[in-house]
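Understanding the architecture of this molecule
These are the residues of each chain, in order.
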Amino acid sequence: MSQTGIPSFNEANSAEMVAQRLSKAKAGPLPRFLATVVDHLHQIVKETRPTASDWRQAIAFLTEIGHASDDKRQEWVLLSDLLGVTALVEDINSRRPSGATPNTGRGPFYRADAPRLPLGTNISLDGVGAPLTVSGRVIDLDGMPIPGSTVETWQANAQGFYENQQPDLQPEFNLRGVFITDRDGRFHYRTVKPTGYGVPDDGPVGQMLGRLNYPLSRPAHLHFLIRADNFETLTTQVFERGDPRLGEDALFGVKPELVGDFKRVGDGWSLDFSFVMAMARKGNLAA
Ligand SMILES: [Fe+2]
């Protein structure tokens with residue numbers, strides 16, 4: 001407190017001064033959240049001690065991210081993804097019982113309108129790439145099959161691009177499909193082997209992290225979204241064992257339980273992978 005009785009702002013009390021103002025705000029989670037953000041932000045400034053010019057540069061970078069984001073492109077999401085924040089939020093919110101297949105992010109290339117197809121269909125509509133047969137089961141924590149579950153899959157092609165990234169080059173719905181498990185909880189379909197891909201590196205986030213040699217690519221993977229009555233919906237990815245980028249997934253999606261064995265079979269490949277579903281928690285059916 002100064003001699004005038006007006007509290008004066010300084011390095012020691014900075015976060016406290018802001019917290020006092022926020023404490024007068026209407027009750028609710030937002031002022032509490034803001035107080036936590038301010039506390040950590042002030043801590044960062046005290047620890048890293050940027051000059052005014054450094055701080056202007058940081059703000060210019062955040063401004064650039066905003067300018068580079070619109071309905072089609074989201075650099076803020078990319079920043080959250082690459083700094084592990086998206087994966088952390090996912091991990092906090094979708095913890096599964098031990099033995100259940102872990103959840104990972106859905107990613108930006110999902111389409112909700114993929115066609116429902118008979119088991120055994122080839123989802124590679126252009127036939128470009130090494131043939132891959134995918135089979136597996138959807139089971140519960142006791143290993144019992146879940147017949148009639150919906151297995152939705154989508155993946156990149158052999159060059160690492162999704163159909164909706166290349167609307168002029170790939171047929172619509174290429175490498176996407178929705179299958180229903182049979183009475184033994186089994187599904188199978190044909191496709192081509194996916195390739196890993198880089199995240200966008202032509203915006204401010206990719207350019208800044210690229211200059212630091214930060215990992216900006218993803219190992220080869222297949223996406224799955226699995227729904228079954230009375231079970232929690234599972235959104236996950238299956239990665240290829242042996243992919244050199246497995247330990248450096250740009251989006252932190254790789255978990256040991258999600259690594260599958262792609263086996264050589266004749267001229268092509270096969271993958272067999274089972275998904276273990278967790279029962280829906282009360283009030284959270286098939287969320
Ligand atoms: Fe992906």
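In this text the structure is predicted, and so the values were computed from the model without any measurement.

The rules we used
- Within any chain, residue numbers begin from 1 and follow the written order of that chain's sequence.
- Local features are withheld for residues below a pLDDT of 70 in this predicted model, meaning they are given only at 70 or higher, and side-chain atom pairs are given and counted only at 80 or more; totals for whole chains, interfaces and linings count all residues.
- Side-chain numbers come from the whole structure's heavy atoms, not from hydrogens or water.
- UniProt positions are given in the numbering used here, feature names are shortened, and annotations may be inferred rather than shown by experiment.
- Counting from the N terminus, the helices are DSSP H or I runs at least four residues long and the strands are E runs at least two residues long.
- Counted as coordinating are nitrogen, oxygen and sulfur atoms within 2.8 Å of the metal, or 3.2 Å for Na, K and Ca, while water is not included, which may make sites look incomplete.
- In short, tetrahedral needs four donors with all angles between 85 and 135 degrees, square planar needs four and octahedral six donors with opposite donors over 155 degrees apart and all other angles between 65 and 115, and whatever is left is irregular.
- For two strands to be treated as a pair, DSSP must find no fewer than two bridges joining them.
- Angles shown run from 0 to 180 degrees and are taken between the N-to-C directions of axes, each axis being a line fitted to C-alpha atoms and, for helices, limited to the stretch in contact.
- Only protein chains enter the area calculation, which uses a 1.4 Å probe; residues under 20% of their type maximum are buried, those over 50% are exposed, and those in between are partly exposed.
- For classification purposes, an angle smaller than 35 degrees is called roughly parallel, one larger than 145 roughly antiparallel, one from 65 to 115 roughly perpendicular, and anything else oblique.
- Here a residue-residue contact requires only that any non-hydrogen atoms of the pair lie within 4.5 Å.
- Each residue receives one of three labels: charged for Asp, Glu, Lys and Arg, nonpolar for Ala, Val, Leu, Ile, Met, Phe, Trp, Tyr, Cys and Pro, and polar for the others, Gly being one of them.
- For the domains described, the bounds stem from an automatic or database domain assignment.
- Residues enter a nonpolar core if they are buried and are Ala, Val, Leu, Ile, Met, Phe, Trp, Tyr or Cys, with the set joined through side-chain atoms within 4.5 Å.

**Examining the UniProt feature "domain: Intradiol ring-cleavage dioxygenases" (unreviewed entry) in the chain**
Per the UniProt entry, the sites bearing "domain: Intradiol ring-cleavage dioxygenases" (unreviewed entry) are residues 126-268 in this numbering. For the annotated span residues 126-268, helix accounts for 6% and strand for 36% of the residues, and the straight-line distance between the end C-alpha atoms is 16 Å.

**Examining the coordination of the iron ion**
Within the first shell, the iron ion binds the protein through Y162 (OH), Y197 (OH), H221 (NE2) and H223 (NE2), at distances of 1.9 to 2.1 Å. Around the iron ion sit 4 donor atoms, and with donor-metal-donor angles ranging over 91 to 158 degrees the site reads as irregular. Summarised as a motif, the one-chain spacing of the donors to the iron ion is Y-x34-Y-x23-H-x1-H. Taken together, the positions of Y162 in the loop between β2 (150-155) and β3 (176-180) and H223 in strand β7 (residues 221-227) put the pair 61 residues apart, joining distant regions of the chain.

**So, the sheet that holds strand β10 (residues 262-265)**
Overall, mixed pairing links the 4 strands, which are arranged β4-β1-β11-β10 in an open sheet. Edge positions in the sheet fall to β4 (186-192) and β10, since each of these pairs with one other strand and no more. The sheet shows a mean angle of 25 degrees between the axes of neighbouring strands, direction not considered. With 8 bridges connecting them, strand β1 (residues 131-139) and strand β11 (residues 268-276) associate as parallel partners. Its bridge partner lying in β11, T133 is registered against S270.

**What about the pairing of strand β8 (residues 234-240)?**
Burial within β8 is extensive, with 7 of its 7 residues counted as buried. Covered by surrounding structure in β8 are L234, T236, V238 and E240 together with T235, Q237 and F239, the residues of both alternating faces. Here 6 bridges tie β7 to β8, and the two strands are oriented antiparallel to one another. Each bridged residue has a counterpart across the sheet, and for F224 the counterpart in β8 is T236. Counted between consecutive antiparallel strands, the loop separating β7 from β8 contains 6 residues, among which N230 sits at a positive phi close to 70 degrees. Sheet topology note: the β8/strand β9 (residues 259-260) ladder contains 2 bridges and is parallel. If you follow E240 over to β9, its bridge partner there is G260.

**Some details on the UniProt feature "domain: Catechol dioxygenase N-terminal" (unreviewed entry) in the chain**
UniProt records the feature "domain: Catechol dioxygenase N-terminal" (unreviewed entry) at residues 35-101, using the numbering of this structure. Secondary structure across residues 35-101 divides into 70% helix and 0% strand, with the first and last C-alpha atoms of the span separated by 36 Å.

**Some thoughts on the packing of helix α3 (residues 52-67) against helix α6 (residues 204-211)**
Working note: a packed helix pair is described by the angle between its axes plus the distance between those axes. α6 packs onto α3 with a crossing angle of 135 degrees between their chain directions and a minimal axis gap of 9 Å. The orientation of α3 relative to α6 falls into the category oblique. Judged by residue contacts, F61, E64 and I65 of α3 engage P204, V205 and M208 from α6. Taken together, the residues of the contact of α3 with α6 sort by class into 5 nonpolar, no polar and 1 charged.

**Regarding the domain arrangement of the chain**
Under the domain assignment used here, the chain contains domain 1 (1-49) and domain 2 (81-277). Put simply, the middle of domain 1 and the middle of domain 2, counted by C-alpha atoms, are 44 Å apart.

**Thoughts on the nonpolar core**
With 24 residues, the main nonpolar core has V134, Y189, F224, I226, L271, F275 and M277 as its most contacted residues. Among the elements of the structure, β1, β4, β7, β8 and β11 are those that each provide at least two residues to this core. With residues up to four places along the chain from it excluded, the contact list for F224 reads V134, V151, E152, T153, W154, Y189, L234, T235, T236, V238 and F275. The next biggest cluster of nonpolar side chains, apart from the first, holds 10 residues, and it includes I65, L78, V205 and L209.

**Describing unusual backbone geometry**
We note that R49 has phi near 45 degrees; this positive angle belongs to a residue other than glycine. Residue placement: R49 occurs in the loop between α2 (29-48) and α3. By relative accessible area, which is 52% here, R49 ends up exposed. The backbone of F173 shows a phi angle near 70 degrees, a positive value even though the residue is not glycine. Within the fold, F173 resides in the loop between β2 and β3.

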